Amino acid sequence: MAVQHVDPVIERQARLLAVDNRAAEPDIQKIYWFPHDREVRLVELTDQVPQSLDGAVHPFYFRASERDDLAAPSAIAMIRSDEYGVLTLPAEWGDWSDAVEL
């Protein structure tokens, strides 16, 4: 379900959030972006969160905020590193092969 063309504003926001989140949480090991044309979708790997109890990724959703230079809504999930590629992604996110490491 790879997106053919991603708005550069979306990609810029994904990269900005990745940098900001790494600065705020140094235990993040990796960040993966699931490109989409209207929403930023990130999965952050850190072993500082509990294991998933149901085998699924559960992102937190945030509205766009022009005031904060966030033009698009975003969805961010934190999972353990050993859950990468194993947990079920939200249906509309595609699959793990769509992930781009930031």
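Residues numbered from 1 in each chain as written. Predicted model: local features only at pLDDT ≥ 70, side-chain atom pairs only at ≥ 80, totals over all residues. Heavy atoms only, no water.

### What to know about the nonpolar core
It is characteristic of soluble globular proteins that their nonpolar side chains tend to be buried jointly.
Now for step 1: Core analysis: the largest hydrophobic core is formed by 14 residues, its most contacted members being Ile 10, Ala 14, Leu 17, Trp 33, Val 40, Leu 42 and Leu 102.
Now for step 2: Counting only elements with at least two residues in this core, the list comes to helix H1 (8-24), strand S1 (30-33) and strand S2 (40-45).
Now for step 3: Among the elements that make up this core, the one with the highest residue count is H1 (4 residues).
Now for step 4: Excluding anything up to four places from it in sequence, Ile 10 contacts Trp 33, His 36, Asp 37, Arg 38, Glu 39, Val 40 and Ala 72.
Now for step 5: Of all hydrophobic cores here, the second largest spans 13 residues; its members include Tyr 32, Val 43, Ile 79 and Trp 96. (Core = buried A, V, L, I, M, F, W, Y, C linked by side-chain atoms within 4.5 Å. Buried < 20%, exposed > 50% of the residue type's maximum accessible area, 1.4 Å probe, protein only. Helix = DSSP H or I, 4+ residues; strand = E, 2+ residues; numbered from the N terminus. Contact = heavy atoms within 4.5 Å.)

### Thoughts on the sheet that holds S1
Now for step 1: If you trace the 5 strands from one edge of the open sheet to the other, you get S3-S4-S2-S1-S5, paired in mixed fashion. Two strands lie at the open edges of the sheet, namely strand S3 (60-62) and strand S5 (100-101), each paired on one side alone.
Now for step 2: Pairing of S1 with S2, which is carried by 4 bridges, proceeds in the antiparallel orientation. Its bridge partner lying in S2, Tyr 32 is registered against Val 43.
Now for step 3: Across the sheet, H1 touches S1, S2 and strand S4 (74-79), and the angle it forms with S2 is around 30°. (Pairing = 2+ DSSP bridges. Axes fitted to C-alpha atoms, helices over the stretch in contact; angles between N-to-C directions.)

### Some remarks on the pairing of S2
Now for step 1: For S2, the buried fraction is high: 6 of the 6 residues fall into the buried class.
Now for step 2: Going residue by residue along S2, you find Val 40, Leu 42 and Glu 44 tucked away on one face and Arg 41, Val 43 and Leu 45 tucked away on the opposite face as well.
Now for step 3: Here S1 hands over to S2 after 6 residues, the two strands then running antiparallel side by side.
Now for step 4: Of the pairings in the sheet, the one linking S2 to S4 comprises 6 bridges and is parallel in character. Paired with Glu 44 across the two strands is Met 78, which belongs to S4.

### Considering the environment of Ala 71
Now for step 1: By the element assignment, Ala 71 lies in the loop between S3 and S4.
Now for step 2: Ignoring any residue separated from it by four or fewer positions in sequence, one finds Ala 71 in contact with Val 9, Gln 13, Ala 64 and Glu 66.

### Structural notes on the packing of aromatic side chains
The relation between two aromatic rings is expressed through the spacing of the ring centres and the mutual angle of the planes.
Now for step 1: Under the defined criterion, the tally for this structure stands at 4 aromatic pairs.
Now for step 2: Each ring, one from Phe 34 and one from Trp 93, has its centre 5.5 Å from the other, and the planes form 40°; the classification is tilted. Highlighted residues: Phe 34 in the loop between S1 and S2 and Trp 93 in the loop between S4 and S5, separated in sequence by 59 residues. The pair Phe 34 / Trp 93 is uniform in exposure class, with both members buried. (Phe/Tyr/Trp six-rings, centres within 6.5 Å; stacked < 30°, edge-to-face > 60°.)

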